[in-house]
Amino acid sequence: MSTAEGSVDSGITMLDVQQLIAKKDEMEAQIKAYYEVLDDQKGIGMDGALVDREGYPRADVDIYQVRTARHNIICLQNDHKSIMKQIEDALHQLHAREKEKHEKDKAEAQSEVLQHQNSSPAFARVDTVTAGSPASMSGLQVGDEIIAFGTVNTSNFKTLQNIAEVVKHSEGKPLNITVVRDGKSVSFGLTPQRWNGKGLLGCNIIPLKR
């Protein structure tokens, strides 16, 4: 009988595991068959005597067949023990690799989020906000980086005149504003309107260099 194969390769796959399990099942079937041979020999089993009380070979059993079956069972049981260890190690490796892959995917996803945040689509930043102004009342804050100002966004923003035009044509009408504040996206409404100060907003916006 040949012994079971050596240690499991680090590049183990599920197909390899399935093949190992198939070999294990085959070994178990062979062991069962050899035990059936022993049962057919007067149920002699693995430990039954092969000589009679006088020390002569038993004539009621096939001694050669019994010895062969016993030898093969011992070899197969050793191989079975070895392959069970291989299967256990292989499953452990697959689990560890799957866990590593999961952690890697998670890290890559977090990296993409950070990259997205670091390469913010903001096109302008709020430089000043006057107390009591429409901008102040809406919740706009100094340092807010603007992602969307009404219909103006990164893809169509060219100059501050774009924002000025939107403000001019939206007097008394709420505009949807989206900004990045402390690394998070914040959205709210801002209604350009007359107030005690200058302009319709009461804030100063400067373009971001891109």
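Residues numbered from 1 in each chain as written. Predicted model: local features only at pLDDT ≥ 70, side-chain atom pairs only at ≥ 80, totals over all residues. Heavy atoms only, no water.

Enquirer: Sorry if this is basic, but what is going on with the pattern of salt bridges here?
Expert: Two side chains bearing opposite charge may form a pair once their charged atoms approach each other closely. Enumeration according to the criterion identifies 7 salt bridges in this entry. With a closest N to O distance of 2.6 Å, Asp 144 and Arg 181 form a salt bridge. Here Arg 181 lies in strand S4 (residues 175-181) and Asp 144 lies in the loop between helix H3 (134-138) and strand S2 (145-149), a separation of 37 residues in the sequence. This pair shows no difference in class: Asp 144 is buried, exactly as Arg 181 is. It is possible to trace a salt-bridge network through shared partners that takes in Lys 24, Asp 25 and Glu 28. (Salt bridge = Lys/Arg side-chain N within 4 Å of Asp/Glu carboxyl O. Helix = DSSP H or I, 4+ residues; strand = E, 2+ residues; numbered from the N terminus. Buried < 20%, exposed > 50% of the residue type's maximum accessible area, 1.4 Å probe, protein only.)

Enquirer: What should I look at first to understand helix H4 (residues 160-168) in this one?
Expert: What sets the pattern is the α-helix's 3.6 residues per turn: residues three or four places apart point alike. Ile 163, Val 166 and Val 167 are the residues of H4 that are buried. Relative to the axis of H4, the buried residues are bounded by an arc of 100 degrees and lie together on one face. Against the buried residues of H4 lie S2, strand S3 (152-153), S4 and strand S6 (203-207). (Arc of directions from axis to C-beta. Contact = heavy atoms within 4.5 Å.)

Enquirer: Before we go on, may I ask you to explain the confidence of the model for the protein chain in this structure?
Expert: Do not read the fine detail of predicted coordinates wherever pLDDT is low. This prediction gives the protein chain a mean pLDDT of 89; 90% of its residues lie at or above 70. Mean pLDDT across the elements of the protein chain bottoms out in helix H2 (residues 63-118) (88) and peaks in strand S1 (residues 124-129) (96). Note on residues 1-9: pLDDT under 50 across the span, and 18 contacts to partners over four residues away in sequence or across chains. (pLDDT = per-residue confidence, 0-100.)

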